Structure formats: C-alpha cells, structure tokens
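Breakdown of the fold
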Amino acid sequence: MSRIQTTFEKLKQRGCKALIPFVTAGDPNPQITVSLMHALAEVGADIIEVGVPFSDPMADGPTIQRSSERALKHGVTLHDVLDMVAEFRTKDERTPVVLMGYGNPIEAMGWERFATRCAQTGVDGVLTVDFPPEESHEAFGHLHRHGVDPIFLLAPTTSDARIEQVAKLARGYVYYVSLKGVTGAGHLDLSAIAQKIPHIRQHIGLPIGVGFGIRDAETALAVSKLCDGVVIGSRIVQEIESSNEESVISNVARLVKELRLAINYT
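Residues numbered from 1 in each chain as written. Predicted model: local features only at pLDDT ≥ 70, side-chain atom pairs only at ≥ 80, totals over all residues. Heavy atoms only, no water.

Following Asp27, the chain continues into Pro28 via a peptide bond in cis, with omega recorded as 5°. Tracing the backbone shows Pro28 in the loop between strand E1 (18-24) and helix H2 (33-42). With phi around 80°, Phe212 is a residue other than glycine that occupies positive phi space. For Phe212, the location among the structural elements is in the loop between strand E8 (208-211) and helix H10 (217-224). (Helix = DSSP H or I, 4+ residues; strand = E, 2+ residues; numbered from the N terminus.)

If you want it as structure tokens, here you go:
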C-alpha cells in the first residue's frame, strides 16, 4: 500500500479529512524549502504538494506564478526539487509528497529517468497539469512501474468520458478544481461542489481532494465536509510572499495549524 493510500485509510478510520498544503520548491529560497516541508508536517499536513517551478504556467494565478519566478531566480530545477524531497525523506518517511507542475521539465529529463528518480528520492505522486490522460499513457506507465501515483485534475467542466479515462490511470487521489479559472481565483460555489463530488464518485473510487479558491479556515471546513481532502495553495504562497525570511516558516506553520484545527471539526 502506498504512503498516499495508507494516509487516506488512516484518516478514514479516524473520521478525518486530509489537509494538503502546497508550496513551490525554492520559494522564497532553496535553503528554506525542506524546513518548510517539515514544519507543514509537524502542524498537521497529511500530504504535501510541492510545486516544480516553471516559467510558462497555464493553471496558476498571479500568486503562484510569482512564487515560480522567485524560485527560478535562484536557479531551482527539477533535479533540485527531487534532491529536496530526498533530503526531506532523511527525517520524514511517513508524510506523502506529491510533485505538481508541467510536462516540459519532465520531458527534458525523460519520463523513465524521472520516474526512477521519484522512486529513489521518495516522491509518492505526480500531478502534471498539461499531460491529459488521453495522450500520456506511456508517461504514466513509467510512474506506475515505479510505484509513483499519477494524480489528475478534474474540473467542473470535465466530461464523463474524461472522468472514465482518469479512473483507469489515476492512483492515490484525484484533485477536483472547485471553480473555473486559475489558482487563487474567487467565487467558490459550495453548492456546485456538493453536486459534482457525488457524480465523480460514481466513476472513481479514489479519494477526492478539492482545491482552488480555499482561503480561510471557515471555507476549508465547509469544503472538507464534501470531500476527502482539502488542498490549500495560493493562500499559503501568499503568506510566504508577505513574510520576511526570518518569520516565513513560523507564519506559514501558524496558518496551516489554523486550517488543520478547522478541518478537524468536520
């Protein structure tokens, strides 16, 4: 059983929902990322999504775009991100880590080599925003063979045919994008999420995480009642952006602890 599957099974047994924070590797600088990941785990993160910096993102709003720009100024590459996960694993063998990003850096490395490195460094899952299930069976096959979970985005506009294709390839969990638009957008419609999640469950038996537009403890609690996990990205990255380097870890830890406490009341 994978770390991701084990995590969701344990949460289910306790009647709890997963808290899945996102940070961009190398933001605000490469020296802080591993310590930040440990801090997230210590205050209750169940799974950590780590963004791979990329110069031309499609699904990221301005906040996460700027985090990639900050990381890229430090020269952070996919190789560096994998090294960060390996360093994190020297002290934490329990918390699942999911890499989230775009296909170009992986294509440059080669999918087989990438999947091998993920297994070696302790990456549990990979979400590539721009690799649709219809066109990428070979790429995801490499991940499957190395025990790495391919994770997919589903949107309010995702067709049943696409959901069925995702069901055949996905492992770990699926990530439901709770609104149309990019990360950090507003206008979260809880009633629309409440209608869509049961429909997805008719096709996919994996846990469902929900993200995009979740910015505070109250909303995190409301969303957690509808799904299996809550993904928080832009709000955390915004906290990183507004903090100085001396306080960034403590500020982010305080925010994530508040979210954890809220979700615990699901």
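Resuming the write-up.
So, on to the sheet that holds strand E7 (residues 174-177). Strand order in the open sheet formed by nine strands is E5-E4-E3-E2-E1-E9-E8-E7-E6, with parallel pairing between adjacent strands. Pairing within the sheet leaves two strands with one partner each, and these edge strands are strand E5 (149-150) and strand E6 (153-154). Of the pairings in the sheet, the one linking E8 to strand E9 (residues 229-232) comprises two bridges and is parallel in character. Within E9, the position partnered with Gly209 by the bridge is Gly229. (Pairing = 2+ DSSP bridges.)

So, about the pairing of E9. Of the two faces of E9, the one lined by Gly229 and Val231 and the one lined by Val230 and Ile232 are each fully buried. Pairing of E1 with E9 involves four bridges; the strand directions are parallel. Considered in E9, the bridge of Pro21 is made with Ile232. In this region the chain leaves E8, passes through H10 and returns to the parallel neighbour E9; the handedness of that crossover is right-handed. (Buried < 20%, exposed > 50% of the residue type's maximum accessible area, 1.4 Å probe, protein only. Right-handed = clockwise from strand over helix to strand, strands pointing away.)

This paragraph deals with the packing of aromatic side chains. A complete count under the given rule lists seven aromatic pairs for this structure. Aromatic pair Tyr175 and Phe212: ring centres 6.0 Å apart, planes at 85°, arrangement edge-to-face. Highlighted residues: Tyr175 in strand E7 and Phe212 in the loop between E8 and H10, separated in sequence by 37 residues. Aromatic ring contacts, followed pair by pair, group Trp111, Phe114, Phe131, Phe140 and Phe152 into a single cluster. (Phe/Tyr/Trp six-rings, centres within 6.5 Å; stacked < 30°, edge-to-face > 60°.)

On to the pattern of salt bridges, then. Across all of its chains, the model carries eleven salt bridges by this definition. Note that Arg260 and Asp46 form a salt bridge whose closest N and O atoms lie 2.5 Å from each other. Of the two residues, Arg260 is situated in helix H12 (residues 248-263) and Asp46 in the loop between H2 and strand E2 (48-51); the sequence distance between them amounts to 214 residues. One exposure class covers both Arg260 and Asp46, and it is buried. For Arg117, the salt bridge goes to Asp83, with nearest N and O atoms at 3.1 Å. Within this pair, whereas Arg117 is found in helix H6 (residues 111-121), its partner Asp83 is found in helix H4 (residues 78-89), the two being separated by 34 residues in sequence. Accessibility expressed as a relative area gives 42% for Asp83, which makes it partly exposed. Taken together, the salt bridges that share partners define one network made up of Arg3, Arg89, Asp92 and Asp124. (Salt bridge = Lys/Arg side-chain N within 4 Å of Asp/Glu carboxyl O.)

For the rest of this paragraph, the subject is helix H8 (residues 160-169). At 3.6 residues per turn, the α-helix brings residues three or four places apart onto the same side. Listing the buried residues of H8 in full gives Ile163, Val166 and Leu169. For H8, the buried positions fall inside an angular range of 125° around the axis, keeping them on one side. Facing away from the buried side of H8, by more than 90 degrees, are the exposed residues Ala161 and Lys168. Residues of H8 that are buried in the fold lie against helix H7 (137-145), E5, E6, E7 and helix H9 (190-201). (Arc of directions from axis to C-beta. Contact = heavy atoms within 4.5 Å.)

Where helix H3 (residues 62-73) meets helix H11 (residues 234-242), the closest approach of the two axes is 9 Å, and the angle between their N-to-C directions is 50°. By the angle between their directions, the pair H3 and H11 is classed as oblique. In this structure, the crossing between H3 and H11 has a hand that is left-handed. Side by side, H3 and H11 meet where Thr63, Ile64, Arg66, Ser67 and Arg70 of the first sit next to Ser234, Val237, Gln238 and Glu241 of the second. Here the contact of H3 with H11 is built from residues that sort into two nonpolar, four polar and three charged. (Axes fitted to C-alpha atoms, helices over the stretch in contact; angles between N-to-C directions. Parallel < 35°, antiparallel > 145°, perpendicular 65-115°, else oblique. Left-handed = near helix turned anticlockwise from the far one by under 90°. Nonpolar A, V, L, I, M, F, W, Y, C, P; charged D, E, K, R; others polar.)

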